[in-house]
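One-letter residues, chain by chain:
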Amino acid sequence: MRYLTAGESHGKQLTTIIEGLPAQLPISADELNDSLIRRQGGYGRGRRMKIEKDLVSIMSGVRHGYTLGSPVTLALTNDDFKNWQDIMGEEPVDPEKHIRRQVTKPRPGHADLNGGMKYNHDDLRNVLERSSARETAARVAAGSMAKKLLSELGITVAGYVRQIYDVQAADLELTIDEKIERARQSEVNTIDPNQEESMKHVIDQAKQDGDSIGGVVEVTVDGLPPGLGSYVQYDRKLDGKIAAAVMSINAFKGVEFGIGFSAASTRGSETHDEIAYDEHKGYYRKTNRLGGFEGGMTTGMPIVVKGVMKPIPTLYKPLESIDIHSKEPFKASIERSDSCAVPAASVVMEHVVAWEVAAAIVDQFPSDYMEQLKAALTDYRERVRTF
Ligand code: EPS
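First, a word on scope: everything that follows refers to the structure included in this document. (Residues numbered from 1 in each chain as written. Predicted model: local features only at pLDDT ≥ 70, side-chain atom pairs only at ≥ 80, totals over all residues. Heavy atoms only, no water.)

**Brief notes about the overall build of the protein**
Right, so step 1: Of the regular secondary structure elements, the protein holds 11 helices and 17 strands.
Right, so step 2: Relative to the 2.2 N^0.38 estimate, which gives 21 Å for 387 residues, the radius of gyration of the protein is 22 Å and therefore close to what a compact globule would have.
Right, so step 3: Reported as C-alpha extents along the three principal axes, the dimensions of the protein are approximately 75 × 50 × 40 Å.
Right, so step 4: Positive and negative side-chain charges in the protein, numbering 48 and 56 respectively, have mean positions lying 1 Å apart. (Helix = DSSP H or I, 4+ residues; strand = E, 2+ residues; numbered from the N terminus. Rg over C-alpha atoms; globule rule 2.2 N^0.38 Å. Lys, Arg positive; Asp, Glu negative; His and termini not counted. Charge placed at Lys NZ, Arg CZ, Asp CG, Glu CD.)

**Comments concerning the sheet that holds strand β6 (residues 72-77)**
Right, so step 1: Across the sheet, 4 strands lie side by side as β1-β2-β6-β3; this open sheet has antiparallel pairing. The sheet is open, and its two edges are formed by β1 (2-6) and β3 (57-60), each paired on a single side. Across the sheet, the mean angle from the axis of one strand to that of its neighbour is 20°, orientation sign disregarded.
Right, so step 2: Note: β3 against β6, 3 bridges, orientation antiparallel. Paired with Ser-60 across the two strands is Thr-73, which belongs to β6. (Pairing = 2+ DSSP bridges. Axes fitted to C-alpha atoms, helices over the stretch in contact; angles between N-to-C directions.)

**Describing the site of the ligand**
Right, so step 1: Taken together, His-10, Arg-39, Arg-45, Arg-48, Met-49, His-110, Ser-132, Ala-133, Arg-134, Arg-336 and Asp-338 form the complete shell of residues around the ligand.
Right, so step 2: The contact in question runs from an oxygen atom of the ligand to an N or O atom on the side chain of His-10, over 2.7 Å.
Right, so step 3: Measuring from an oxygen atom of the ligand, one finds a side-chain N or O atom of Arg-134 at 2.7 Å.
Right, so step 4: Contact with the protein chains removes 88% of the 470 Å² of surface that the ligand exposes when unbound.
Right, so step 5: Per-class residue counts for the shell around the ligand are 2 nonpolar, 3 polar and 6 charged. (Near = heavy atom within 4 Å. Polar contact = N/O pair within 3.5 Å; in protein donor to acceptor, adjacent residues only side chain to side chain. Areas by Shrake-Rupley, 256 points an atom, 1.4 Å probe, with all protein chains shown as cover. Nonpolar A, V, L, I, M, F, W, Y, C, P; charged D, E, K, R; others polar.)

**Quick word on the pattern of salt bridges**
Right, so step 1: A complete count under the given rule lists 25 salt bridges for this structure.
Right, so step 2: Between Glu-129 and Arg-125 there is a salt bridge, with its nearest N and O atoms 2.7 Å apart. In this pair, Glu-129 and Arg-125 both sit in helix α5 (residues 125-131), 4 residues apart, roughly one turn of the helix. The exposure classification of Glu-129 matches that of Arg-125, with both residues buried.
Right, so step 3: Between Glu-218 and Lys-306 there is a salt bridge, with its nearest N and O atoms 3.4 Å apart. Of this pair, Glu-218 sits in strand β9 (residues 215-222) while Lys-306 sits in strand β15 (residues 303-309), placing them 88 residues apart in sequence. Just as Glu-218 is buried, Lys-306 falls in that class too.
Right, so step 4: Where salt bridges share partners, they join Arg-39, Arg-48, Glu-52, Asp-54, Asp-80 and Arg-134 into one cluster. (Salt bridge = Lys/Arg side-chain N within 4 Å of Asp/Glu carboxyl O. Buried < 20%, exposed > 50% of the residue type's maximum accessible area, 1.4 Å probe, protein only.)

Right, dumping it as C-alpha cells:
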C-alpha cells in the first residue's frame, strides 16, 4: 500500500491518492471527516482553522460505501483559496508586476531558506506553501482509511497528548478505549484531566507573549499479532518505518518506543519484557517496556510510541534573519500562526502510525479483498497462538 499527497496550503485543494487498499472495505465520508475535524481542533489553534472546514470528497475508488480495489482519491478544498486566487493562481503573471505576499524573509525554523536555496526560488512562498503543516490534513485523510481497515481487523489506534511545554500528564493505567474517550473529552487531547487547565494556561501564556510552545504526543496501537515487520532486512523493520513516519510530521524532532531514551540508564534486567505463556492467549509479556517491538517486529503487546514536537517557528515575537534580496538583517514580521498545535499533532501522529501498521499488514498478508485479508490474519493469529 502506498499514498501520495499533493497541494499547497493556500492553493485550491489538497489531494491524497491511495493505492493498494483491498476491495470491499466499508467506508463513508463521515468516518473520514471525523478524523479531519479532530485534527482541526485543539486549544491553541490560530485563525486559519476558523476559515477551513475540512470535509473530504471521495473522488475515486469507492462505490456504494465500499472500496473497489482501485486507487482511492480524497480531495479537501482550501476555503482560504478564494482570498488567495491572484497570489496562488497557476496562470503566468507579468514579472514586472508586484506580486502580493511575496516572501523574501526566511523564518528561522521553517523550510524557507533551505528550500529556496535548493529549488532556486526567489519567492520563498514557493517553498512555504508546500512545507506548511496544512499538508498533514491530506495525511490524516490517508490514515483514516488505514484506521478503518485496522478496525475491521480488531486493531485500535489512539493518539493523545502527554505533555505541553513543561506540563506533563501523569502515567495512568488506562485501557485504549479509555484513552480515546478521555482525549476526545479534552480540549488539549490529553488523557489526564488533572493537567488540562495547566496545559491551557501555558498555551495562553505563550500566546500572550507572542511565542509558541511544543510538547510530547503518544500513540498506542492495541490488538496486534506478533511478528509484523521483519528482522531480515533493515528497511523491513516496522519500528524503523513508524519512526520515519513520525519524524516526517512537520515540527517533530524525536521519537521513542516504550521507555525509549531512558533505556540508557536502566539495566538489562529492568529493560526487557519477560515472556509468559497462557493456554488461551498463547505467549505474552509481563511488561511492555520496549513499546511492543523486538527485532523490528511486533511482540503482540501494544505499540507505544512517543513523538516530540518543537514549538511552531512562526512567531509573533520575531527572530533574527536575513532578507534574501537585500542581504540585510531584519526581524521577521508578524504572521498568522498557531501558538500550540500539539493537540492537532496527536491526531496527525495517530493517523501516520495507523498507516504504517495497516501497510505492514497488507504487505505481509497480500489480499485483494477484505474477507481474504481477515481470513489470512485469523489463520496467522491461530498459528502463533499455538506455536
Ligand atoms: C501553518 C500556518 C498556519 C496554520 C497552518 C500551518 O496557516 P496560515 O499560514 O494559513 O495561517 O494554520 O495549518 C493549517 C492550515 C492546517 O490545516 O493545519 C504553517 O506555517 O505550517
